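Topology and contacts: notes
One-letter residues, chain by chain:
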Amino acid sequence: AQVVQAEFVKSSVRTEDCPSDGLPEFALVGRSNVGKSSLLNSLVRRKRLALTSKKPGKTQCINHFRINDSWYLVDLPGYGYAAAPQELRTDWSKFTKDYFINRSTLVSVFLLIDASIPAKKIDLEYASWLGQNQIPMTLIFTKCDKRKKKKNGGKRPEENVSDFQKLIRGFFQTVPPWIMTSSVTNQGRDEILLHMAQLRNY
Ligand code: GDP
């Protein structure tokens, strides 16, 4: 399930503009700063591939990366960026929601959640929307290497993960699969690639 080839294909503004070759795809989405670019780079074992989608003008796009010439990793814009004007935010949710609902080759959404901090309202709202709309989802907990000191009132990643799962239980008919990751230690990388391979073969 390893990545031997990864190439940036295109940035699209609308679902209709996405590649039309019918290859299966997985979309990475999460709050700004959750560690999405780091995870993408870790998955493809490259330091800079995800830079493409960080270029000004490309951050609000659907970015397709073709892997091993047989499937796509899709980088979606991060949500919850406080500095984004309200207008942009509404626009963002309209176009990503359109993508989730209408992109027929989308196998699963990989929702990234920062395991080093307590659950954020916006992440819960996002998970709830995906659940209500029955969009297949996998939870990817990021930054699991970060150890908060108890005396600072912080919780361990494992505790934040189990808190988050309890909070979203009501949104789903079946508990979504979940993987704990770190782009620093590469924890979870092989597990994600294996999970994607299994989902593609269903
Ligand atoms: P993005 O905005 O979601 O693309 O997030 P980035 O990948 O740019 O990461 C945001 C910040 O979190 C950067 O300072 C990264 O170095 C840091 N970061 C990302 N992944 C990890 C991780 O797994 N562990 C730790 N400790 N820090 C991380």
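Residues numbered from 1 in each chain as written. Predicted model: local features only at pLDDT ≥ 70, side-chain atom pairs only at ≥ 80, totals over all residues.

Let's talk about helix α4 (residues 157-168)
Helix length check: α4, at 12 residues, gives a terminal C-alpha distance of 17 Å against a target of 16 Å (1.5 Å per residue), a fit within 8%. Lining the buried residues of α4 we find β5 (106-114), α3 (121-132), β6 (137-142) and β7 (178-180). (Helix = DSSP H or I, 4+ residues; strand = E, 2+ residues; numbered from the N terminus. Expected span 1.5 Å × (residues − 1). Contact = placed C-beta atoms within 7 Å.)

Quick look at the site of the ligand
Of all residues adjacent to the ligand, which total 15 residues, the nearest are G35, K36, S37, S38 and S183. Among the elements that line the shell around the ligand, the one with the most residues is helix α1 (residues 36-44), at 3 residues. Looking at the shell around the ligand residue by residue, the classes come out as 2 nonpolar, 9 polar and 4 charged. (Near = placed C-beta within 6 Å. Nonpolar A, V, L, I, M, F, W, Y, C, P; charged D, E, K, R; others polar.)

Topic: unusual backbone geometry
Phi is positive for D69, close to 55°, though the residue is something other than glycine. Looking at the element boundaries, D69 is found in the loop between β3 (62-67) and β4 (71-75). Of the residues examined, D69 has 9 C-beta atoms within 10 Å and is grouped as exposed. You will see that K143, though not glycine, has its phi angle at about 60°, which is positive. The exposure class assigned to K143 is buried, which follows from the 22 C-beta atoms found within 10 Å. (Buried ≥ 20, exposed ≤ 12 C-beta atoms within 10 Å, placed from the backbone.)

Regarding the sheet that holds β3
Strand order in the open sheet formed by 7 strands is β1-β3-β4-β2-β5-β6-β7, and the pairing between neighbours is mixed. Two strands bound the open sheet, and with one partner strand each, they are β1 (6-12) and β7. Averaged over neighbouring strand pairs, the angle between their axes works out to 25° when direction is ignored. Two elements, β6 and β7, share 3 bridges in a ladder whose sense is parallel. Opposite F141, over in β7, you have M180 as the bridge partner. (Pairing = 2+ DSSP bridges. Axes fitted to C-alpha atoms, helices over the stretch in contact; angles between N-to-C directions.)

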